[in-house]
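# Tertiary structure, described
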Amino acid sequence: MENLLVTGYRAHELGIYDQKHKGIPYILQAMENRLIPLLDEGLKWIITPGQYGVDLWAIEIAIRLKQHYPELRCSILTAYQNPEERWNDQKKAYYEQILRGVDYYAPVSKQPYAGSWQFAARDELLLRKTDGILLVYDEEAGVASPKFIKERALAKQETEGYRYISIGTEEIQAVADEMNSSMFEE
């Protein structure tokens, strides 16, 4: 697998409203734990839709992993132009910082938000351009926006062998437990 779509929850779906939330490091570590073996197998691109939450955290990890995997590239393909224009200043600053580290950025639709069709077009492109997906989503915790990309990815897995990898709340909790117990051992 060379091209991986990484997506999942939007930050607000997790009750996260800024970058200081104590749960973010656990989500980052869970994703990194899944990405490193894929990089060792030849992963070249991490591609996200660039929404505030798992998408941008995945790019943050990719930028950090480039130190050990210099061949790694990362990309953001948004649904429409300037998705951050209605975000608060703190989110905009984080987004701009992330954009400085990506290798490729483009909106699928060259216009501002015009309708849900832009998300469908983006998802179609993302699924077509990638060999697999790493999805941070746990349907048992409640239905949220990642449900739709999950359904499409599973359908593509069934027909084309698209690789589907998921991270759920149990895995993130295990990472949190491990990180917290190692803090007490030091």
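All values derive from a computational prediction rather than experimental measurement. Throughout this document, residue positions are counted from 1 along each chain, in the order its sequence is written. Where totals are concerned, whole chains, interfaces and linings use all residues; where local detail is concerned, this predicted model gives features only for residues with pLDDT of at least 70, and gives and counts side-chain atom pairs only at 80 or more. Side-chain metrics in this entry use all non-hydrogen atoms of the structure; hydrogen atoms and water are not considered.

Take the pairing of strand E5 (residues 132-136) next. Any residue under 20% of the maximum accessible area for its type is buried, any over 50% is exposed, and the rest in between are partly exposed; the area is computed with a 1.4 Å probe on protein chains only. In DSSP terms, a helix is any run of H or I states spanning at least four residues, a strand is any run of E spanning at least two, and both are numbered starting from the N terminus. The element E5 is extensively covered by neighbouring structure, given that five of its five residues are classed as buried. On E5, burial covers both faces: Gly132, Leu134 and Val136 on one face and Ile133 and Leu135 on the other are all buried. In this structure, strand E1 (residues 3-8) lies alongside E5, joined through five bridges in parallel fashion. By the bridge assignment, glycine 8 is partnered in E5 with valine 136. Pairing between strands is defined by DSSP: at least two bridges between the two strands are required. Sheet analysis places E5 next to strand E6 (residues 163-167), joined by five bridges and oriented parallel. What sits directly across from leucine 134, in E6, is isoleucine 165. If you view a crossover with the strands going away from you and the path from the first strand over the helix to the second runs clockwise, you call it right-handed. Tracing the backbone out of E5, into helix H5 (residues 146-160) and back to the parallel element E6 gives a crossover that is right-handed.

Let us now look at unusual backbone geometry. With a phi angle near 55 degrees, asparagine 82 is a residue other than glycine that sits in the positive phi range. Note on placement: asparagine 82 falls in the loop between strand E3 (73-78) and helix H3 (89-99).

Attention now goes to the layout of surface pockets. Here a cavity denotes grid points, spaced 1 Å and computed from the protein atoms alone, that fit a 1.4 Å probe unable to get out, and a pocket denotes an open set having protein on both sides within 12 Å along at least 5 of 7 lines; residues with an atom within 4 Å of a point are the lining. Grid points are joined across faces, edges and corners, and a volume is the space filled by probe spheres set on the points. Here the largest pocket defines a volume of roughly 290 Å³. Considering the residues around the largest pocket, the lining is formed by 16 residues, among which Arg10, Gln51, Tyr52, Pro83 and Trp87 are closest to the centre. Charged means Asp, Glu, Lys or Arg here, nonpolar means Ala, Val, Leu, Ile, Met, Phe, Trp, Tyr, Cys or Pro, and polar covers whatever is left, Gly included. When grouped by side-chain class, the residues that make up the lining of the largest pocket number seven nonpolar, five polar and four charged. In this structure, the second largest pocket occupies an estimated 240 Å³ of space. In terms of lining residues, the second largest pocket is bounded by 16 residues, among which Leu14, Gly23, Ile27, Thr169 and Ile172 are the most central. Mapped by element, the contributors of at least two residues to the lining of the second largest pocket are helix H1 (24-40) and helix H6 (169-185). With four residues, H6 is the single largest residue contributor to the lining of the second largest pocket. Residues that form the lining of the second largest pocket fall into these classes: ten nonpolar, five polar and one charged.

This part takes up the packing of aromatic side chains. Pairing of aromatic side chains here covers Phe, Tyr and the six-membered ring of Trp, requires ring centres within 6.5 Å, and sorts the geometry by plane angle: under 30 degrees stacked, over 60 edge-to-face, intermediate tilted. One pass over the structure, following the stated rule, counts seven aromatic pairs. Arranged with centres 5.9 Å apart and planes meeting at 85 degrees, the rings of tyrosine 80 and phenylalanine 119 form a pair that is edge-to-face. Taken together, the positions of tyrosine 80 in the loop between E3 and H3 and phenylalanine 119 in helix H4 (residues 117-129) put the pair 39 residues apart, joining distant regions of the chain. For tyrosine 80, a relative accessible area of 16% corresponds to the buried category. The exposure class assigned to phenylalanine 119 is partly exposed, which follows from its relative accessible area of 24%. Put simply, the rings of Tyr52, Trp87, Tyr94 and Tyr95 pair up and form one aromatic cluster.

This brings us to the packing of H4 against H5. Contact geometry for H4 and H5: axes closest at 11 Å, N-to-C directions at 35 degrees. Along this stretch, H4 crosses H5, giving a crossing that reads as right-handed. On H5, the residues that touch Ala120, Asp123, Glu124, Leu127 and Arg128 of H4 are Ile149, Arg152, Ala153 and Lys156. Among the residues making up the contact of H4 with H5, the classes are represented as four nonpolar, no polar and five charged. Axis definition: a line fitted to C-alpha atoms, over the contacting stretch in the case of helices. Angles run 0 to 180 degrees between N-to-C directions. Here is the rule for handedness: rotate from the far helix to the near one, and if that takes an anticlockwise turn smaller than a right angle the crossing is left-handed, while a clockwise turn gives right-handed. Note on definitions: a residue-residue contact is assigned when non-hydrogen atoms from the two residues lie within 4.5 Å.

A separate point is the sheet that holds strand E4 (residues 104-107). A sheet is described by the order of its strands in space; here six strands give the open sequence E4-E3-E2-E1-E5-E6, paired in parallel fashion. Two strands close off the open sheet at either side, each with one partner strand: E4 and E6. Across the sheet, the axes of successive neighbouring strands diverge by a mean angle of 20 degrees, strand direction being ignored. Where E3 and E4 come together, four bridges link them in parallel fashion. Of the residues in E4, the one forming a bridge with serine 75 is tyrosine 104.

To continue, consider the nonpolar core. When a protein is soluble and globular, its nonpolar side chains tend to lie buried together. Val6, Met31, Leu35, Leu56, Trp57 and Ile133 are the most contacted members of the largest nonpolar core, which totals 56 residues. Sorting elements by how many residues they give to this core places H1 first, with nine residues. Every residue in contact with valine 6, bar those within four places of it in the chain, is listed here: Met31, Leu35, Ile46, Ile47, Thr48, Pro49, Asp55, Ala58 and Leu134. To form a nonpolar core, buried Ala, Val, Leu, Ile, Met, Phe, Trp, Tyr and Cys residues must be joined to one another through side-chain atoms within 4.5 Å.

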